[in-house]
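# Geometric and topological summary
The chain contents come next:
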Amino acid sequence: MLSEGTVAPTFTLPGVVDGAPRDVSLEDYIGEGIVVLAFYPADFNPSCEDDSCDLTELDLFTMQRDVDIFAVSTDSVFSHRAYAEEYSLSIPLLSDTHGEAIDAYDVVLDSDQLLSERAVFVIDQEGVIQYAWSTADLAERPDIDAVREAVSSIGGDSTAVGRYRVGHAHYIEARRAFTSAMKSFEDRDWLIAQGDFQRAMEEFQESADQFESAVRFAESEPLEQGFERAQEKATALWQAAEWLAESASEYASGDGKEADELRQDAETPLETARDIGEPPDPDDITLDADGAATEQSTTDPDDDALDAPTDPAEDEDTSEPGGDADGDPGEQDDVDAAVEDVSVDDEDTTERDDADRTGNGDTDGVSSAVEFDVADDGVDEGATPQDGHDEPASEEPVSADTGSDDADGEDADGEDEDIELDLKDPTE
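Cut-off values and rules
Residues numbered from 1 in each chain as written. Predicted model: local features only at pLDDT ≥ 70, side-chain atom pairs only at ≥ 80, totals over all residues. Heavy atoms only, no water. Pairing = 2+ DSSP bridges. Helix = DSSP H or I, 4+ residues; strand = E, 2+ residues; numbered from the N terminus. Axes fitted to C-alpha atoms, helices over the stretch in contact; angles between N-to-C directions. pLDDT = per-residue confidence, 0-100. Contact = heavy atoms within 4.5 Å. Buried < 20%, exposed > 50% of the residue type's maximum accessible area, 1.4 Å probe, protein only. Arc of directions from axis to C-beta. Phe/Tyr/Trp six-rings, centres within 6.5 Å; stacked < 30°, edge-to-face > 60°.

Right, let's get into the sheet that holds strand β1 (residues 12-17). Pairing is mixed across the open sheet formed by seven strands, whose spatial order is β2-β1-β5-β4-β3-β6-β7. Each edge of the sheet is formed by a strand with only one pairing partner; in this case those strands are β2 (20-25) and β7 (129-135). Averaged over all adjacent pairs, the angle separating strand axes in this sheet is 25°, with direction ignored. Sheet topology places strand β3 (residues 34-39) next to strand β4 (residues 67-73); six bridges connect them, and they run parallel. When the sheet's bridge partners are listed, valine 36 is paired in β4 with isoleucine 69.

Now the structure itself:
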């Protein structure tokens, strides 16, 4: 048996994954998370009972994020499929019919047949074996508590920051898509807005999952608290993006009432996101020589600068979804504007509206326990919107040629009137 501290050999074997045959390469999983590799003698072996088998308890690890588990024996894929069905196993079963894997891990059973010892290896993200156990007793089952403890001991703040870094990259992409969607929503490009909101929702979901992993790996309380707040924000924006995507879809189909209800539903998660502030740039998180986060002070976000959304029927102020003129998603305008009124104003109202705008406030900080120097969400000055979308909103008022008294869109005096575009019914 290979000892702890040894670099884990990789291999590619056919197997049964989710009930279907598939080749699995261990190299694809090592480095992404923790890997639990279980070797067992054969399908339907002496340790199996009527309602459980030697892999039943190990199968529970398939429900744990950041842990990939595989079971290996020398049986065929056909036998594995019957074994998995008999005991309702979710764990992928790999077929080592030529004994390559069991030989690499030195767990070949001393027998007249090509069989494996029962063994368990826990491999960390660097591909190093951190736990190793084996037995030649075919009836003995692995110590699940020992395996669970070995899995739990892998991680630490440095691993947590690594997970957070992946989540933050997804978060930045989500904010870019969200900003683009806001601009399209304002311009009534419903299908484009729906697609961008959908993309933002998927990226926010992935970032929230990675932030959750960072929370579980974090050992220091300050880091854990900061990552929890980042997860809360990503989750809130994920929900808001989902509802706004549905709202855009309903507007596209002409159901203004349902669309407006969905738009209003997004108010709650958007307000939750405002209260939290922006997740920090991972480069601004400080770790000491031992890989632990250092506790520092921080500044809470300025909640007063984040106005609650208003009802379009009551608020005539204009807003510019997508942040400032250069489309910077680091500002909170894009979040505030999601549910605000979209209106068309004459030039003499522009100065008043500019003075009334709020929501360009401070996004510094996520946690009250860790110092987070907030970056600009990775968008440079002068950044352009996503391909296929309109240019970022300028400071000039928008004009429209609808709803006027005469055919030229002018009133009796030849002056353009202020026209309010009510999102409740875009078909009017």
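From this point, the discussion proceeds with the structure in view.
So, about the confidence of the model for the protein. Taken as a whole, the protein shows an average pLDDT of 75; of its residues, 67% reach a score of 70 or greater. Note on residues 295-428: pLDDT is under 50 here. Beyond four places in sequence and across chains, it has 269 contacts.

To continue, consider helix α3 (residues 144-153). Note: α-helices contain 3.6 residues per turn, so residues at a spacing of three or four share the same orientation. Within the sequence span of α3, burial applies to Ile144, Val147, Ala150 and Val151. One side of α3 holds all its buried residues, which, seen down the axis, span an arc of 125°. Turned more than 90 degrees off the buried face of α3, the exposed positions are Asp145, Glu149, Ser152 and Ser153. Check the buried side of α3 and you find it contacts β3, β4, β6 (118-123) and β7. Two residues or fewer past α3, glycine 155 is found with a positive phi of approximately 145°.

Counted under the stated rule, the structure contains 18 aromatic pairs. Where tyrosine 105 meets phenylalanine 121, the ring centres are 5.0 Å apart and the plane angle is 55°; that geometry is what we call tilted. With tyrosine 105 in the loop between α2 (100-104) and β6 and phenylalanine 121 in strand β6, the pair connects residues that are 16 residues apart, well separated along the chain. Grouping residues by exposure puts tyrosine 105 and phenylalanine 121 together as buried. For the pair phenylalanine 178 and phenylalanine 197, a centre-to-centre distance of 5.5 Å together with 70° between the ring planes defines the contact as edge-to-face. Taken together, the positions of phenylalanine 178 in helix α4 (residues 157-186) and phenylalanine 197 in helix α5 (residues 190-217) put the pair 19 residues apart, joining distant regions of the chain.

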